[in-house]
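# Residue-level structural notes
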Amino acid sequence: MSSSFLSMSRAFKRSVVGACMVLAGMAATTVATPAAAEVKLGLSDWPGWVAWYVAEQKGFFKKYGADVKLVWFANYTDSIGALSSGQLDANSQTWSDTLGPLAKGLPLKAILVNDNSAGNDALMVGPKITSFAQLKGKKVALEQYSISHFVLATALAKNGMKLGDVKIVNLSAGDAAAAFISGKVDAAVLWNPWVHQIEASGKGKALFTSKDMPGLVPDLLVAQDKAIQTKRKELVGVIKAWFDTEKFIREQPAEAAKIMSKVVSMSPEEYTVFLPGTKFFDAAANTQAFDAKNALSLSSTAPTIAAFLTQYKLIDGKPDAVKGIDGTLVQDALK
């Protein structure tokens, strides 16, 4: 495992417990209060969010009159705290990590879907395991209560099993990958680059991936209500810039990977691993995501995600998902 791979902490650890950590005690950050005409947009290390640097470097923000300051957070959970405490106008965070603050009644709204994980998260098993039934009683390594835990719970439920049917071994993603490769555990739930590394080593294959649970691992742009009210024009410009960004990544992936990889100190070749497993959302996909009648929309998938968070006491109270969604900015961007 290369040092650059080890540095990818999902946030790359897009952990579903992030919201709980920051709500338990808002950590102080050095982010200043946004200026009136400037949109302070927080982001962390995940392809759908690192892509904002493509928008910046290709001039898409300026094209649509949006004065945007990208604020990088090495620690993803710090970005959630910064948004929740009003120190950012908008932040790049998961739907699961937004439901916690919503359960607390914080004035936040999802205004854009950047992407869905579509293969970057996977349940990896050895060559001898070919079915879910063979997983019963086996050791599965993962980061407890993270997205990986949610992926495993979903995978088992879809195949007539429950979490109690396997033995969960709580390890960090890197350690989980090492434990799997060395044969200390029978399976592991990981995200890239570890998924790719295991496949390349020939030690294992994916039995289930986030591609098999569409709509359940969405990565969003979430804004403060106050910012929507006072900087709506700029935020609509940000969304327009995103649509140009998605198009650029789709049509010029090599150049996009070059820009994105530099942000996280990786080579373009290493970074291209993440692109196929990230379903970047264009205008049409966003329209569907904000359509409550769509089975894969944010409002439709929220109960499933909230049920997992509630079961493991990761959120207090019941989040009002509908109240935390505002698709009108996407509509404005498409006019």
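Up top you'll find the structure we're talking about.
Note that the structure is predicted; figures quoted are calculated from it, not measured.

### Things to note about the pairing of strand β10 (residues 218-224)
Along any regular strand the residues' side chains alternate between the sheet's two faces. Within β10, seven of the seven residues are buried, leaving the element largely enclosed by the surrounding structure. By the bridge criterion, five bridges tie strand β3 (residues 90-94) to β10 in an arrangement that is antiparallel. By the bridge assignment for β10, Gln93 is matched with Leu220. Of the strand pairs in this sheet, strand β4 (residues 108-117) and β10 are connected by seven bridges, and their pairing is antiparallel. From the neighbouring strand, Asn116 faces β10, where its bridge partner is Pro218.

### Remarks on the packing of aromatic side chains
Inspection of the entire model under this criterion finds 12 aromatic pairs. Between Tyr145 and Tyr312, the ring centres sit 5.5 Å apart and the planes meet at 45°, which makes this aromatic pair tilted. Placement of Tyr145 in the loop between β6 (139-142) and α8 (147-158) and of Tyr312 in the loop between α16 (298-311) and α17 (328-333) is noted, with a sequence separation of 167 residues between them. Each residue in the set Trp52, Phe61, Trp242 and Phe280 is aromatic and connected to the rest through ring pairs, giving one cluster.

### Some details on the packing of helix α12 (residues 232-251) against helix α13 (residues 253-263)
Close contact between α12 and α13 brings their axes to 5 Å; oriented N to C, the two are set at 115°. Judged by the inter-axis angle, α12 sits roughly perpendicular to α13. Contacts between α12 and α13 involve Phe248, Ile249, Arg250 and Glu251 on the former and, on the latter, Pro253, Glu255, Ala256 and Met260. Its residues placed into classes, the contact of α12 with α13 shows five nonpolar, no polar and three charged.

### As for the sheet that holds strand β2 (residues 68-72)
Here six strands make up an open sheet; going across it, the order is β2-β1-β3-β10-β4-β11 and the pairing mixed. Edge positions in the open sheet fall to β2 and β11 (278-280), since each of these has one partner strand only. Each strand axis lies, on average, 30° off the axis of its neighbour in the sheet, ignoring direction. One ladder, built from two bridges, connects strand β1 (residues 39-43) with β3; its direction is parallel. Bridge pairing in β3 links Leu41 to Ala90. Of the strands in this sheet, β3, β4 and β10 are in contact with helix α6 (residues 76-84), which crosses β3 at around 130°.

### Section: empty space enclosed by the protein
Per the counting criterion, the structure on display carries one cavity of 30 Å³ or more. Within this model, the largest cavity holds a volume of roughly 30 Å³. When its residues are assigned to classes, the lining of the largest cavity shows seven nonpolar, two polar and no charged.

### Topic: the side chain of Asn114
By secondary structure assignment, the location of Asn114 is in strand β4. With sequence-adjacent residues up to four places away left out, Asn114 is seen in contact with Gly48, Trp49, Trp52, Asp219, Leu220, Leu221, Trp242, Lys279, Phe280 and Phe281.

### Some remarks on the sheet that holds β6
Strand order in the open sheet formed by five strands is β7-β6-β8-β5-β9, with mixed pairing between adjacent strands. Of all the strands in the sheet, just β7 (167-170) and β9 (205-209) have a single pairing partner and so form its edges. Going from strand to strand, the sheet's axes swing by 30° on average, the running direction of each strand aside. Where strand β5 (residues 121-125) meets β9, four bridges bridge the pair, whose relative direction is antiparallel. Looking at the pairing, Leu123 lines up with Phe208 of β9. Against the sheet, helix α10 (residues 194-201) contacts β5, β8 (187-191) and β9, and its axis sits at roughly 130° relative to β8.

### Topic: the pattern of salt bridges
Using the criterion set out here, one finds 10 salt bridges in the structure. Residue Lys63 is joined to Asp244 by a salt bridge in which the shortest nitrogen-to-oxygen separation is 2.8 Å. Of the two residues, Lys63 is situated in helix α5 (residues 60-63) and Asp244 in helix α12; the sequence distance between them amounts to 181 residues. By relative accessible area, which is 53% here, Lys63 ends up exposed. The salt bridge partner of Arg250 is Glu246, with a shortest N-O separation of 2.8 Å. Here Glu246 and Arg250 lie together in helix α12, a separation of four residues that amounts to about one turn. Each of Arg232, Asp332 and Lys335 takes part in a single network of salt bridges with overlapping partners.

### Thoughts on α13
All buried positions along α13 are accounted for by Ala256, Ala257, Ile259, Met260 and Ser261. Where α13 is buried, its residues touch α3 (47-50), α4 (52-57), α12, α14 (268-271) and β11. One or two residues past the end of α13 sits Ser265, with phi positive at roughly 55°.

Definitions and cut-offs
- Residues numbered from 1 in each chain as written.
- Predicted model: local features only at pLDDT ≥ 70, side-chain atom pairs only at ≥ 80, totals over all residues.
- Heavy atoms only, no water.
- Buried < 20%, exposed > 50% of the residue type's maximum accessible area, 1.4 Å probe, protein only.
- Helix = DSSP H or I, 4+ residues; strand = E, 2+ residues; numbered from the N terminus.
- Pairing = 2+ DSSP bridges.
- Phe/Tyr/Trp six-rings, centres within 6.5 Å; stacked < 30°, edge-to-face > 60°.
- Axes fitted to C-alpha atoms, helices over the stretch in contact; angles between N-to-C directions.
- Parallel < 35°, antiparallel > 145°, perpendicular 65-115°, else oblique.
- Contact = heavy atoms within 4.5 Å.
- Nonpolar A, V, L, I, M, F, W, Y, C, P; charged D, E, K, R; others polar.
- 1 Å grid on protein atoms, 1.4 Å probe; cavity = no way out; pocket = protein on both sides within 12 Å on 5 of 7 lines; lining within 4 Å.
- Points joined across faces, edges and corners; volume = space filled by probe spheres on them.
- Salt bridge = Lys/Arg side-chain N within 4 Å of Asp/Glu carboxyl O.

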